[in-house]
Amino acid sequence: KAAYGYIQCKQRYASQDELMAVAKGYRDRHLPADVLVVDWFYYTKMGQFDLDPKFWPDPAAMNKQLHEMGFETMISVWPRFVPEDRYYAEVLQKGWLIHTADGTPINGLPYDRAGSDIDTTNPEAAKWYWNTIRNNILSKGFDSLWADETEPDLPPNGAYFHIGPGTEFFNVYPLFHTAALYNGFREDLPGRRALILSRDAYLGAQRNGTIFWSSDIYPTWDTLRRQIPTGLDFAASGITYWSNDTGGWQYLPREHHPAHPPLLNPSDARANVGGYDDYPELYTRWFQYATFLPIFRSHGSRPANEVWSYGKQAEPILEKYLRLRYELMPYIYSLGYQTWKSGAPFMRALPLDFPNDPNVADLRDEYMFGPALLVAPVTEQGATSRTVYLPAGADWYNYWTNERLRGGQTITAAAPIDTIPLFVRAGSILPLGAPVESTHQKQAIAKVRVYSGADSSFTLFSDDGTTYAYEKGAGSITRLHWDDAKKQLTHEGDAAWVGPDNTVVETVGH
């Protein structure tokens, strides 16, 4: 369940002390966050599978303390080995490296750092790789794995996998590689759910407990704009848990002066954003959009990347959306349950929900987030409004003002810098949670908000959030139903809240 919360990362937290300071920063501010990420170069050598004791003196104690603070930790693991590391000779001798026809291991140059990738299409190599990670990394208390470099840097033309030539099995590596980790979790750590972040995907990899992201993207408005259709295409392929590096991964340009006056003053964030005058504005717009992705995850190559890192004008806006994500947690987690049952994504392009409206056939910059929410991100610098098409076949409510609007029309939606245009389909049921600082805290249902205008149903799901007991029927299922004619909300199944129903139901439009 922690994966549905907020995943905090940057390139890179270089020491145990730095990571603990970030954790303390969130908890001292009483801001919700669930997962802290340790990116690459924590090791002494690529393929060494250790943590440099100069910077990570006691990772087990660190993880114990972070767990007590309500955090989980994710750590990057690469499939790459260099001749100087302690495992290279063994892996080479056993023929477990992706290789050319004469047996020479492929080399990652000219990208990243030199090294050869382990061939996890080989079951023996896959098992060894998992065991090595389990014994050296997960044994220190880390909870989940970032499977970076889940593709050979160079296309596998002319190279060979255990299963056959790269020209035939061109893009399969992410499927086999994430399976090596997932199968290891299921066999050796059955009491906890596998969580794997993978840079690349292949059809079927969604069954491996995986999150995928759009790789090392640029910190520009154009990149933000293009993330929206990219994510919708990806989800439509059946792989639900997609995300991107909020704010972009690449280093910021030394200087950038926008065409329009920045909506947020960058002057008190210069140490972080340099001369990129509109970056606090870009990061804030990107963060608003990321709030409504299946995975809410920030990453990038800025000196600092926490919500208090982008100036005093940006900070309260970022906090607002961070808290909103957790308020929506009962809704979002229930969508995850429905995806598990059906395979259908809960971030989806509008034709999937409105197939009879030709106006949405090629609409690329707005989308549904579950059955209730229509999200229209702002991707133009300096914009304080944007046009939004409201699909026909439903009425809509402005989430921020509760104004009711008919479907089948294009409107101009107000979008001051603290507002992402967000609309709720009439007839929706939104279960909202009480404030928590992580998904490890028990979250009460603070209210059920009903948007009148049509009959509707919603299945609310809750469970322990950490085990696979749900696969055997464990968990709490509450079926909510709104009768619009009677203006009445009823529920059956497990009790999801305590106290008289009229204290928890809020009706909009009635």
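Residues numbered from 1 in each chain as written. Predicted model: local features only at pLDDT ≥ 70, side-chain atom pairs only at ≥ 80, totals over all residues. Heavy atoms only, no water.

Participant: Can you walk me through the overall build of the protein in this structure?
Facilitator: Within the protein one finds 11 helices and 29 strands. Its C-alpha radius of gyration of 23 Å places the protein within 12% of the 24 Å reference for a compact globule of 510 residues. Along the first, second and third principal axes, the C-alpha set of the protein runs to 75 × 55 × 45 Å. Here the protein holds 510 residues, and 58% of them are scored as buried. Residue pairs in contact within the protein that sit at least 24 positions apart in sequence constitute 71% of those at least 6 positions apart. When the accessible area of the protein is evaluated, it comes to approximately 20100 Å², of which 52% is carbon and sulfur surface. Here the protein contributes 46 positively and 60 negatively charged side chains, and the mean placements of these two sets differ by 3 Å. (Helix = DSSP H or I, 4+ residues; strand = E, 2+ residues; numbered from the N terminus. Rg over C-alpha atoms; globule rule 2.2 N^0.38 Å. Buried < 20%, exposed > 50% of the residue type's maximum accessible area, 1.4 Å probe, protein only. Contact = heavy atoms within 4.5 Å. Areas by Shrake-Rupley, 256 points an atom, 1.4 Å probe, with all protein chains shown as cover. Lys, Arg positive; Asp, Glu negative; His and termini not counted. Charge placed at Lys NZ, Arg CZ, Asp CG, Glu CD.)

Participant: I tried to follow the pattern of salt bridges on my own but got confused; where do I start?
Facilitator: Side-chain pairs of opposite charge can arise where the charged atoms are in close proximity. If you walk through the whole model with that rule in mind, you get 33 salt bridges. Across the pair R186 and E471 runs a salt bridge whose closest N-O atoms are separated by 2.9 Å. Of the two residues, R186 sits in helix α5 (residues 173–188) while E471 sits in the loop between β26 (456–462) and β27 (476–483), which places them 285 residues apart along the sequence. Owing to a relative accessible area of 38%, E471 belongs among the partly exposed residues under this scheme. Here E506 makes a salt bridge to K447, at a shortest N to O gap of 3.3 Å. (Salt bridge = Lys/Arg side-chain N within 4 Å of Asp/Glu carboxyl O.)

Participant: Mind showing me how you'd approach the packing of helix α9 (residues 314–327) against helix α10 (residues 329–342) here?
Facilitator: Between two packed helices, the angle of one axis relative to the other and the distance separating the axes together describe the packing. Taken N-terminus to C-terminus, the directions of α9 and α10 make an angle of 55°; their axes are 5 Å apart at the nearest point. Here α9 is positioned oblique relative to α10, judged by the angle of their axes. Within the contact between the two elements, α9 uses R325, Y326 and E327 and α10 uses M329, P330 and I332. Broken down by class, the residue content of the contact of α9 with α10 amounts to 4 nonpolar, no polar and 2 charged. (Axes fitted to C-alpha atoms, helices over the stretch in contact; angles between N-to-C directions. Parallel < 35°, antiparallel > 145°, perpendicular 65-115°, else oblique. Nonpolar A, V, L, I, M, F, W, Y, C, P; charged D, E, K, R; others polar.)

Participant: I tried to follow the pairing of strand β3 (residues 72–77) on my own but got confused; where do I start?
Facilitator: For a regular strand, the rule is simple: side chains alternate between the two faces of the sheet. The buried fraction of β3 is high, at 6 of 6 residues. Because side chains alternate across β3, one face comprises the buried residues E72, M74 and S76, and the other comprises T73, I75 and V77, equally buried. Here 4 bridges tie strand β2 (residues 35–38) to β3, and the two strands are oriented parallel to one another. Bridge assignment links L36 to a residue of β3, and that residue is T73. One crossover worth recording links β2 to the parallel β3 by way of helix α2 (residues 59–68), and it is right-handed. Summarising the sheet, β3 and strand β7 (residues 144–147) pair through 4 bridges and their orientation is parallel. Residue pairing in the sheet places S76 in a bridge with W146 of β7. (Pairing = 2+ DSSP bridges. Right-handed = clockwise from strand over helix to strand, strands pointing away.)

Participant: Where do I start with α10 in this structure?
Facilitator: Its 14 residues give α10 an end-to-end C-alpha distance of 20 Å, which sits within 8% of 20 Å, the value for a rise of 1.5 Å per residue. α10 sits mainly inside the fold: 10 of its 14 residues count as buried. Within the sequence span of α10, burial applies to M329, P330, Y331, I332, Y333, S334, L335, G336, Y337 and T339. (Expected span 1.5 Å × (residues − 1).)

Participant: How do you make sense of the sheet that holds strand β9 (residues 164–165) when you look at a structure like this?
Facilitator: Hydrogen bonds between backbone atoms are what pair the strands of a sheet, whose relative direction is either parallel or antiparallel. Across the sheet, 3 strands lie side by side as β5-β8-β9; this open sheet has antiparallel pairing. Both edges of this open sheet fall to β5 (99–100) and β9, since each of them pairs with a single strand only.

Participant: How do you make sense of unusual backbone geometry when you look at a structure like this?
Facilitator: Most peptide bonds are trans, and most residues other than glycine sit at a negative phi. In this chain, Q11 is followed by R12 through a cis amide linkage whose omega measures 0°. Mapping R12 onto the fold places it in the loop between β1 (6–8) and α1 (16–28). Positive phi, normally seen in glycine, also occurs at E149, with a value near 55°. When you line up the elements, E149 lands in the loop between β7 and β8 (159–161). Of the residues examined, E149 reaches a relative accessible area of 0% and is grouped as buried. Of note, S215 is a non-glycine position whose phi angle comes to about 70°, a positive value.

Remember, this is a structural readout, not a statement about activity or role.
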